[in-house]
Amino acid sequence: MIVMKFGGTSIEDIPSVKRVVEIIDSRLEQCPVVVNSAMGKTTRKLLDVARLSADGMEEKAFLRLDEIHEYHFDMARGLIPDFENSDSRTTLERYFEGLHKLLEGLSILLELTPRGQDRILSYGELVATTIIASTLQSRGINARWLDARDFIITDERFTRARPVDDLTCRSIQEKVRPLVVSGHVPVIQGFIGSTRSGVTTTLGFEGSDFTAALAGAALDVSNIEIWKDVNGIMTADPRIFAGARTVRNISFEEASELTLSGAKVLHPGTIEPARRKDIPVNIYNSRQPDAGGTTITAHANKGTNIVKSIAYNMPVCIMNIVSNSHADPSGFLRSVFDILDREGIVPYVVTTAGTGIAMAVSASEDMEHAIEELTRLGTVNIAGEKATISLVGENIRTTRDFAPVVFQNLEDVNIYMVAQGASPISLTFVVDESDIPSVIARLHEAFFKDPDPDTLE
Ligand code: ADP
Ligand code: ASP
Ligand code: MG
């Protein structure tokens with residue numbers, strides 16, 4: 001048994017869905033369980049529509065919803081034979097009616113709660129899987145649509161819910177395994193789940209990768225395949241650095257460190273379920289199914305290059321707090337971390353010295369309330385337009401003088417904070433946002449000049 005997950009870009013139009021059908025068809029002997037994201041950029045679009053409604057711009061919201069409706073119906077017409085008279089059409093109409101009602105509700109309440117947001121976003125995956133399952137059936141594949149909310153059971157942290165592990169694992173085994181055993185290809189939604197009492201939740205943006213890993217671990221599959229629009233995990237984000245190479249093998253630890261350091265190629269939650277069950281995760285390109293891709297395993301080849309990949313986080317700001325109670329430094333640090341915990345802020349880099357603390361934190365979150373709270377402890381200064389850069393690789397652990405080599409290459413770059421030692425396989429530092437492309441290009445040149453053909457393509 002295997003899990004195959006296809007993200008938004010792999011199912012964004014009719015030709016790409018056709019390619020995905022071929023890929024699934026080619027692996028039927030391995031008994032696949034299919035996990036889908038919403039199509040193209042639908043999740044973002046649904047979020048925009050929800051915000052417009054809650055801001056009182058109902059008409060604009062409905063126009064945008066019409067566009068989302070048309071996009072999906074055009075796809076369905078091009079993929080499902082006799083769509084106009086099919087059950088899929090009835091199902092899709094029902095979903096869009098549901099969305100319409102929810103948006104009406106928002107425009108009356110003029111408020112978008114996290115719970116309401118999850119409910120609305122879930123339709124992206126529900127609609128996508130309906131179209132994919134019918135398309136597969138029309139090609140003679142014994143696909144069976146399942147509602148992930150029947151088995152991905154989560155806590156109530158709407159917009160970033162965490163699965164209740166035992167319950168989710170047992171439910172997947174009860175509800176999904178028998179179908180595979182009886183020769184079906186289950187098609188399930190990534191990203192969405194439900195609380196024990198049946199309220200829809202989501203696992204956070206990009207959460208479909210995580211769903212695939214949860215399903216794979218519960219079903220003890222032989223492989224978790226994540227299909228993307230890139231040839232695998234690369235030595236840098238190819239959108240920022242065109243010369244990036246594909247990393248053939250990478251360890252769970254390296255991949256986990258990379259995703260936590262901002263590499264947007266995989267949801268950070270994906271690695272843990274796979275590692276627990278020692279299941280290889282393969283990342284493939286749905287546009288080039290025969291390219292090798294990346295394999296993530298426990299003991300990947302370390303290769304001869306010190307670094308496997310370079311990740312970055314942007315936008316970031318540096319928050320500096322100088323304590324106003326110089327007598328009790330440990331009490332000060334405790335209070336700072338209590339506030340961060342309450343506010344759900346996880347800093348990327350932290351340094352402390354004397355009576356102060358500096359933290360690099362994501363600048364995309366609303367931090368007004370946190371700053372207000374922190375100001376009670378001391379003087380707060382914020383420097384914006386920063387970014388973190390992380391170099392990740394098992395060989396960093398055993399390379400002496402790694403940091404000096406990194407910084408020799410960046411002599412004229414302003415480096416604001418450095419974190420080394422917190423993880424033995426990575427080095428993270430903070431630079432100006434505008435320096436990101438050139439810093440990545442220079443580090444890439446320095447560390448991948450002689451690429452090891454066994455680990456890099
Ligand atoms: P999907 O919609 O299939 O989940 P995503 O768009 O979420 O796919 O993830 C793939 C994208 O991740 C790529 O298009 C690429 O721009 C970005 N990315 C960032 N860092 C890396 C990296 N190190 N290797 C490969 N892709 C990366
Ligand atoms: N559709 C969701 C998102 O855009 C989940 C995913 O694609 O992984 O974040
Ligand atoms: Mg994604």
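Residues numbered from 1 in each chain as written. Chains lettered and ligands numbered in written order. Predicted model: local features only at pLDDT ≥ 70, side-chain atom pairs only at ≥ 80, totals over all residues. Heavy atoms only, no water.

Focus: the packing of aromatic side chains
Per the stated rule, a full pass over the model turns up eight aromatic pairs. Ring geometry for phenylalanine 6 and tryptophan 227: centres 5.9 Å apart, planes at 20°, overall stacked. With phenylalanine 6 in strand β1 (residues 2–6) and tryptophan 227 in strand β8 (residues 223–228), this residue pair connects regions lying 221 residues apart in the sequence. In this pair, the class of phenylalanine 6 matches that of tryptophan 227, namely buried. Note on phenylalanine 191 and phenylalanine 205: the rings are 6.4 Å apart at their centroids and 25° apart in plane angle, and the pair reads as stacked. On the criterion of sequence distance, the pair formed by phenylalanine 191 in the loop between β5 (185–189) and β6 (192–195) and phenylalanine 205 in the loop between β7 (200–202) and α8 (208–218) is long-range, its members being 14 residues apart. For phenylalanine 191, a relative accessible area of 4% gives the class buried. Judged by its relative accessible area of 37%, phenylalanine 205 falls in the partly exposed class. An aromatic cluster of at least three residues, connected via ring pairs, comprises Phe6, Trp227 and Tyr284. The lysine or arginine in question, arginine 44, covers the ring of phenylalanine 205, its NZ or CZ lying 4.6 Å from the ring centre. A cation over an aromatic ring shows up here: lysine 45 above the ring of tyrosine 71, its NZ or CZ 5.5 Å from the ring centre. (Phe/Tyr/Trp six-rings, centres within 6.5 Å; stacked < 30°, edge-to-face > 60°. Helix = DSSP H or I, 4+ residues; strand = E, 2+ residues; numbered from the N terminus. Buried < 20%, exposed > 50% of the residue type's maximum accessible area, 1.4 Å probe, protein only. Lys NZ or Arg CZ within 6 Å of the ring centre and 35° of its normal.)

Topic: helix α4 (residues 87–109)
Counted at 1.5 Å a residue, the expected span for α4 with its 23 residues is 33 Å, and the 33 Å between its end C-alpha atoms agrees. Taken together, the buried positions of α4 are occupied by Ser88, Thr91, Leu92, Tyr95, Phe96, Gly98, Leu99, Leu103, Leu106 and Ser107. Along its buried surface, α4 packs onto α2 (42–54), α3 (58–79), α5 (114–138) and β3 (143–145). Leucine 110 lies just past α4 and shows a positive phi near 55°. (Expected span 1.5 Å × (residues − 1). Contact = heavy atoms within 4.5 Å.)

Considering helix α6 (residues 165–175)
Turn by turn, an α-helix covers 3.6 residues, leaving residues three or four places apart pointing in a common direction. Looking only at α6, the buried set comprises Thr168, Ser171 and Ile172. Down the axis of α6, the smallest arc covering the buried residues is 100°, so these residues share one side. Across from the buried face of α6, at angles greater than 90 degrees, the exposed residues are Asp166 and Glu174. Contact partners of the buried residues in α6: β4 (153–154), α7 (177–181) and α8. (Arc of directions from axis to C-beta.)

With respect to the site of ligand 1
Around ligand 1, the surrounding shell holds 19 residues, and the nearest of these are Glu206, Lys228, Asp229, Met234 and Arg239. A distance of 2.8 Å separates an oxygen atom of ligand 1 from a polar side-chain atom of glutamate 206. A distance of 2.7 Å separates an oxygen atom of ligand 1 from a polar side-chain atom of arginine 239. Looking at side-chain class alone, the shell around ligand 1 contains seven nonpolar, five polar and seven charged residues. (Near = heavy atom within 4 Å. Polar contact = N/O pair within 3.5 Å; in protein donor to acceptor, adjacent residues only side chain to side chain. Nonpolar A, V, L, I, M, F, W, Y, C, P; charged D, E, K, R; others polar.)

Overview of the site of ligand 2
Taken together, Ser37, Ala38, Thr43, Glu125, Phe191, Phe205, Glu206, Gly207 and Ser208 make up the full set of residues adjacent to ligand 2. Here threonine 43 contributes a side-chain N or O atom positioned 2.7 Å from a nitrogen atom of ligand 2. Within the backbone of glycine 207, a nitrogen or oxygen atom sits 3.4 Å from an oxygen atom of ligand 2. In the complex, 87% of the free accessible area of ligand 2, which totals 260 Å², lies under the protein chains. Partitioning the shell around ligand 2 into residue classes produces three nonpolar, four polar and two charged. (Areas by Shrake-Rupley, 256 points an atom, 1.4 Å probe, with all protein chains shown as cover.)

Description of the sheet that holds β4
Read across the open sheet, the three strands follow the order β4-β6-β7; overall the sheet is mixed. Lying at the two open borders of the sheet, with one neighbouring strand each, are β4 and β7. Across three bridges, the pairing between β6 and β7 is antiparallel. Following the sheet pairing, glycine 193 is matched in β7 by threonine 201. Lying over the sheet, α5 contacts β6 and β7, oriented at roughly 80° with respect to β7. (Pairing = 2+ DSSP bridges. Axes fitted to C-alpha atoms, helices over the stretch in contact; angles between N-to-C directions.)

Some thoughts on the nonpolar core
In terms of nonpolar packing, the biggest core is built from 118 residues, with Ile296, Leu391, Phe429 and Leu443 touching the most fellow members. Apart from the residues lying within four places of it in its own chain, the contact partners of leucine 391 are Val307, Ser309, Ile310, Ile396, Phe402, Val406, Ile425, Ser426, Leu427, Phe429, Leu443 and Phe447. With 16 residues, the next largest nonpolar core counts Val336, Ile339, Leu340 and Ile345 among its residues. (Core = buried A, V, L, I, M, F, W, Y, C linked by side-chain atoms within 4.5 Å.)

Describing the pairing of strand β13 (residues 349–353)
Sheet analysis places β13 next to strand β14 (residues 356–362), joined by five bridges and oriented antiparallel. In the sheet register, threonine 352 faces β14, and the bridge partner there is isoleucine 357. The turn linking β13 back onto β14 is made up of two residues, and glycine 354 within it adopts a positive phi angle of 55°.

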